[in-house]
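As a plain string of letters, each chain reads:
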Amino acid sequence: MNKKRLQRLGVVCMATAMVLTTVSFPRVAKAEGETPTQAEGATSTEPEKGKVLVQVDQDVLKANAMCNSEMNPAISWDSASSYTKNIDGQAEYAFDGDERLGTNSNKIDGGMWHSRYTDTNTAKIAGTSTDYSAVTRGNEETINDSNRPWIGSGFGRKIMLKKVTYMGRYTDNNVSNNIADYVLYYANMDNPNQEPGADDWQIAKEGTLAATSAASDIVLDTAKEATHFKLVGKTAYNSNGSKVGNTQLVCAREIKVYELKDIDINLTAPTSADATPSETGTVESAGDISESPATITGVVVKNKNELDLAHPVTVTSTTGDKLDITGENNKDDSVLIQFQIKLKELPSETDSVIVAKGDQYKIAYKRQTWNNQTIYRIKFWVTGPDSLGDARWKEVGCNFTDATYLNKWITVTAMYDGTTATKLWINGISKSDGWNSNTAYGNRNAGAAIVHKEANVTIGDSTINGYIKDLKIYSGLGSSVTGNQTNYSALVSALSDSANATKVFDLSATPAVTPAYTLATTWNTETKQDPETQLDKNTYTETVTVTPATNASIVTAPEAVTVNIDENTGNNKVIPVSEDTVLENGTAKVKYVFEDMLRGGSLRMITANGETDYTKTSMRFGYDFKLPADTTFDSCAWYYGTTANDLRLSLTPGANTKTIDNPTATKQGYIRSNIVFTNIAKANFDRDIFARVLVKYTKDGKTYSKMGAYVDQNSVSSIAEKIKNSGSETEKNYVNELTKTK
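Nothing here was measured: the structure is a model prediction, and the numbers come from that model.

Notes on the overall build of the protein
Okay, so step 1: Within the protein, the secondary structure is distributed over eight helices and 52 strands.
Okay, so step 2: A total of 742 residues make up the protein; the buried ones form 52% of that total.
Okay, so step 3: Within the protein, residue pairs in contact and separated by at least 24 positions form 74% of the contacts whose partners lie at least 6 positions apart.
Okay, so step 4: Summed over its atoms, the accessible surface of the protein is roughly 32100 Å², and 44% of this surface lies on carbon and sulfur atoms.

Topic: the environment of Ile-179
Okay, so step 1: In this structure, Ile-179 sits in the loop between strand E8 (150–167) and strand E9 (181–187).
Okay, so step 2: Contact partners of Ile-179, with chain neighbours within four places excluded, come to Tyr-166, Leu-209, Leu-231, Val-232, Gly-233, Thr-235, Tyr-237, Val-250 and Cys-251.

Structural notes on the nonpolar core
Okay, so step 1: Among the nonpolar cores identified, the biggest contains 63 residues, and Ile-265, Val-561, Val-563, Phe-594, Leu-603, Tyr-623 and Met-707 are the most heavily contacted of them.
Okay, so step 2: No other element matches the seven residues that strand E50 (residues 689–699) contributes to this core.
Okay, so step 3: Residues in contact with Val-563, not counting those within four places in the same chain, are Leu-267, Ala-269, Asn-572, Lys-573, Ile-575, Phe-594 and Met-707.
Okay, so step 4: Counting residues in hydrophobic clusters, the runner-up holds 45 residues, among them Ala-294, Ile-325, Ile-426 and Ile-459.

Digging into the pairing of E8
Okay, so step 1: With 15 of 18 residues buried, E8 is to be regarded as a mostly interior element.
Okay, so step 2: For strand E3 (residues 66–67) and E8, the ladder comprises two bridges, and the chain directions are antiparallel. What sits directly across from Met-66, in E8, is Gly-152.
Okay, so step 3: Where E8 lies against strand E11 (residues 216–233), 12 bridges are found, and the strand directions are antiparallel. Bridging from a neighbouring strand, Thr-165 pairs with Asp-217 of E11.

Some words on the pattern of salt bridges
Okay, so step 1: With the rule as written, the count across this model stands at 26 salt bridges.
Okay, so step 2: Note that Asp-624 is salt-bridged to Arg-599, the shortest N-O span being 3.9 Å. One end of the pair, Asp-624, is in strand E45 (residues 616–625); the other, Arg-599, is in strand E42 (residues 598–604), with 25 residues separating them in the sequence.
Okay, so step 3: By relative accessible area, Arg-599 is classed as buried at 16%.
Okay, so step 4: Here Arg-672 and Asp-624 are joined by a salt bridge, their closest N and O atoms 2.8 Å apart. Taken together, the residues Arg-672 in strand E49 (residues 671–681) and Asp-624 in strand E45 connect sequence positions 48 residues apart.

Observations concerning the packing of aromatic side chains
Given two aromatic rings, one states the distance between the centres and the angle between the planes to describe the pair.
Okay, so step 1: Evaluation of the coordinates by the stated rule reveals 14 aromatic pairs.
Okay, so step 2: Judged by centre distance (5.1 Å) and plane angle (70 degrees), the rings of Tyr-640 and Phe-677 are edge-to-face. Here Tyr-640, found in strand E46 (residues 632–641), pairs with Phe-677, found in strand E49; they are 37 residues apart in sequence, far enough to count as distant. In terms of burial, Tyr-640 and Phe-677 fall into one category: buried.
Okay, so step 3: Within the aromatic cluster, the residues linked to one another by ring pairs are Phe-95, Phe-155 and Phe-229.
Okay, so step 4: Lying over the aromatic face of Trp-150, Lys-230 brings its terminal NZ or CZ to 4.8 Å of the ring centre.
Okay, so step 5: When the ring centre of Trp-409 is taken as origin, the NZ or CZ atom of Lys-469, which lies over that ring, is 4.1 Å away.

Observations regarding unusual backbone geometry
Okay, so step 1: Despite not being glycine, Asn-427 has its phi angle at roughly 55 degrees, a positive value.
Okay, so step 2: With respect to the element layout, Asn-427 can be found in the loop between strand E29 (422–426) and strand E30 (429–430).
Okay, so step 3: We note that Glu-567 has phi near 70 degrees; this positive angle belongs to a residue other than glycine.
Okay, so step 4: Within the element layout of this structure, Glu-567 appears in the loop between strand E38 (560–564) and strand E39 (573–576).
Okay, so step 5: The class for Glu-567 is exposed, based on a relative accessible area of 72%.

So, the pairing of E45
Okay, so step 1: In terms of burial, E45 is largely enclosed, as nine of its 10 residues are buried.
Okay, so step 2: Relative to E45, E42 is paired through six bridges, and the arrangement is antiparallel. Paired with Gly-601 across the bridge in E45 is Phe-621.
Okay, so step 3: With nine bridges joining them, E45 and E49 adopt antiparallel strand pairing.

Brief notes about the side chain of Asn-305
Okay, so step 1: Its place among the elements puts Asn-305 in the loop between strand E20 (301–303) and strand E21 (306–308).
Okay, so step 2: Contact partners of Asn-305, with chain neighbours within four places excluded, come to Ile-468, Lys-469, Asp-470, Leu-507, Ser-508 and Ala-509.

Topic: the confidence of the model for the protein
Okay, so step 1: For the protein, the mean per-residue pLDDT works out to 82, and 81% of the residues sit at or above 70.
Okay, so step 2: Long-range and interchain partners of residues 1–28, a stretch whose pLDDT sits below 50, account for 72 contacts in this model, where long-range means more than four residues apart.
Okay, so step 3: Residue range residues 439–447 is modelled with pLDDT below 50. Its contacts to residues more than four positions away, or to other chains, number 21 contacts.

Brief notes about the side chain of Asp-181
Okay, so step 1: Relative to the helices and strands, Asp-181 resides in strand E9.
Okay, so step 2: A residue is classified by how much of its surface remains accessible, and Asp-181, at 17% relative accessible area, is buried.
Okay, so step 3: Here Thr-208 takes part through its side chain, which lies 2.6 Å from a polar atom of the side chain of Asp-181.

Regarding helix H8 (residues 729–739)
Okay, so step 1: The set of residues buried in H8 consists of Glu-731, Tyr-734, Val-735 and Leu-738. Angular distribution of buried residues about the axis of H8 spans 90 degrees; they occupy a single face of the element.
Okay, so step 2: Check the buried side of H8 and you find it contacts E42, strand E44 (611–612), E45 and helix H7 (716–726).

Some details on H7
Okay, so step 1: If you check which residues of H7 are buried, you get Val-716, Ser-717, Ile-719, Ala-720 and Ile-723. Burial along H7 is one-sided: seen end-on, the buried residues are contained in an arc of 160 degrees.
Okay, so step 2: Where H7 is buried, its residues contact E42, E45, E49, strand E52 (712–714) and H8.

Focus on the packing of H7 against H8
Okay, so step 1: At a closest axis distance of 9 Å, the pairing of H7 and H8 adopts a crossing angle of 140 degrees. The angle between the axes of H7 and H8 places the two elements in the oblique class. Judged by the twist between their axes, the crossing of H7 over H8 is left-handed. Residues Val-716, Ala-720, Ile-723 and Lys-724 of H7 pack against Glu-731, Lys-732, Val-735, Asn-736, Leu-738 and Thr-739 of H8.
Okay, so step 2: Grouping the amino acids of the contact of H7 with H8 by side-chain chemistry returns five nonpolar, two polar and three charged.

About the criteria used
- The numbers attached to residues start from 1 for each chain and follow its sequence in the written order.
- A pLDDT threshold of at least 70 governs which residues receive local features in this predicted model, and a stricter bar of 80 or more applies before side-chain atom pairs are shown or counted, although totals over entire chains, interfaces and linings include all residues.
- Side-chain metrics rest on all non-hydrogen atoms present in the structure, leaving aside hydrogens and water.
- Helix and strand labels come from DSSP, where a helix needs a run of H or I of at least four residues and a strand needs a run of E of at least two; each type is numbered from the N terminus.
- Relative accessibility thresholds used throughout: buried, under 20% of the residue-type maximum; exposed, over 50%; partly exposed, between the two (1.4 Å probe, protein chains only).
- Should any heavy atoms of two residues lie within 4.5 Å, those residues are counted as being in contact.
- Every accessible area reported is derived by Shrake-Rupley at a probe size of 1.4 Å, with residue values counting cover from the shown protein chains alone.
- Buried Ala, Val, Leu, Ile, Met, Phe, Trp, Tyr and Cys residues form a nonpolar core when they are joined through side-chain atoms within 4.5 Å.
- Any two strands between which DSSP finds at least two bridges are classified as paired.
- The term salt bridge refers to a pairing of a side-chain nitrogen on Lys or Arg with a carboxyl oxygen on Asp or Glu at a separation within 4 Å.
- Note on ring pairs: Phe, Tyr and Trp rings are taken, using the six-membered ring of Trp, and paired if centres are within 6.5 Å. Classes follow the plane angle, with under 30 degrees stacked, over 60 edge-to-face and the rest tilted.
- For a lysine, the NZ atom is tested; for an arginine, the CZ atom; a charge sits over a ring if that atom is within 6 Å of the ring centre and within 35 degrees of the ring normal.
- The predictor attaches a confidence to each residue, called pLDDT, with possible values from 0 through 100.
- In protein, a polar contact means a hydrogen-donor-capable atom and an acceptor-capable atom, both N or O and within 3.5 Å, with residues adjacent in sequence counting only if both atoms are side-chain atoms; elsewhere, any N or O pair within 3.5 Å suffices.
- Each C-beta atom gives one direction from the helix axis, and the arc is the one those directions make.
- Here an angle of 0 to 180 degrees is reported between the N-to-C directions of two axes, which are lines fitted to C-alpha atoms, with helices fitted over the stretch in contact.
- Each angle is binned into one of four classes, with values under 35 degrees roughly parallel, values over 145 roughly antiparallel, values of 65 to 115 roughly perpendicular, and all other values oblique.
- Crossing handedness: left-handed means the near helix sits turned counterclockwise from the far one by under a right angle, and right-handed means the same turn made clockwise.
- In this classification, Asp, Glu, Lys and Arg are treated as charged, Ala, Val, Leu, Ile, Met, Phe, Trp, Tyr, Cys and Pro as nonpolar, and every other residue, Gly included, as polar.

Laid out in structure tokens, this is it:
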């Protein structure tokens, strides 16, 4: 056949593309001159999409800070200092974002983590005139040669841990207690919010930090998937920079953690002017996922379902007042509240709200003076009718000492059973050592119902330094819950059945996501005439500039982009960039080219034993293209299918791709390569086949690519009609016989 007479069919036919609900055309496709078995090449390894190193949010590390030894309460060394913060303190001070400088003679804004020591000479509890005295706490471990002091934190999610930066004491004149020899561990928990056990830790790197006040980097050769880290001080420095072995004295003024992320550049072929980054900024959000939702305002989210208690939150029902669990007299009312909480410091006020609906039901920290002693409690109470006078409160409390509960996550469960009892559990253990007035009123016929109070539910108090997560509130408790007050595990298990409890609130909160980078995109369109057909051919070049965000840096420039080839994200392809990626002033630039390379379509006779088989034919998509200067051809690939928006099949012959150099006198410097769809039966002649080409080429050992500008479209019938109008007599006779109906 005279192929020069075949007309271009790609863009012209796209507007009338037929959507097929069923197909039976052969899956077999091949590059020109190949057998079907050669056609399906193995998929090569995806090229590097680029990497950016991003600092993990210090607020997250601060919220999840942990250690095995710390100065708590914090200590200062000058009773009249009025330091705005303290010198030596607890683990969270290593993640407070304050890389303070100065000496003891200066007022210092910002604290430093220090393992516990017992020297009390002239020392004061920070911010007070109270003499410091060492107190043994429940989270303290004995520091010795085999159990070294460590500090760490959790990320609240899985990250690819790449770097940890350590800063010791703030002056090079005194590096006393700075970590010298270290071991960096990581843990990768299935539940990122579960603190690792001894068997969960793995060594990431060991080494020695410099004796300096400047930041020291611990960089992993290979990033590790991790949910937690901890830095162990095997030895420490003396003030003169010499090492000390078996010492309990270790400090850190600031520790930062960095994760490695992909740079995900998403392009939409062929003419979209938008590039979509994978790291998009999301609004801080919190919500109630129960059937009748509630709105939450004033929220500061630290981790998934985790709030900063120092920023009070208001919860307002949007469907009735479902958070009001009161009923009428002679009717049982009940409520159960459960959450996890981490208290960093003891409350400074007499009444610091954790969760409350006015006085209807409330959980709060209480600070009281009793017999000249300060007592701290966590307390839960509900309020009955005013007619009961001083007996209208039912309450239960737990003596909440710093030795037992500070700086660790504890689970609090509080329940009023609707009749006589308020109950409080700490980590699943029933508590009533702080106060219990359940006997104050017990006759529900006298008005035991909790009274309605016009108040929103509030979470947190500005006087609390701590965090709350996974808050749930239940009402309408059944006997499987209220009847299991002595069997905590059975009680909690019963909550999962809606027949036993109505969940009226379930905190669903996600923190803001800070973009690791931003993308700026520009398009350039160039139109040239095909030297053979004189048809206009468009080339679209997209240039994407990648700029790292604050506290981020580009580690590896992108070698690949993700392209949406057919409006179906499930068929996205990761492919090499078109032009060299360059790094300029900390930014990376990527170029990708979408070029109209379709020459046309043609039909190929199928013969057997010298006879032409008119029951089927083969259809060819032909492509002509030039390569950029100083590059060599690598291969072609094609993505194809029976609808324009589902190119799920692929032909990747790789190095076996057949080509023709300088295919015609007018196309010197061009390369031609074809994809052939074989053995298309007569029943499918009217059905369209869609394809998009990918051309790969190399320069200096690196692979690049460019893609067809359009999803090209052909059918046997459409090509046959073109041949009938402009083909030779031989070609016309063939297609007339081919398309003849019985």
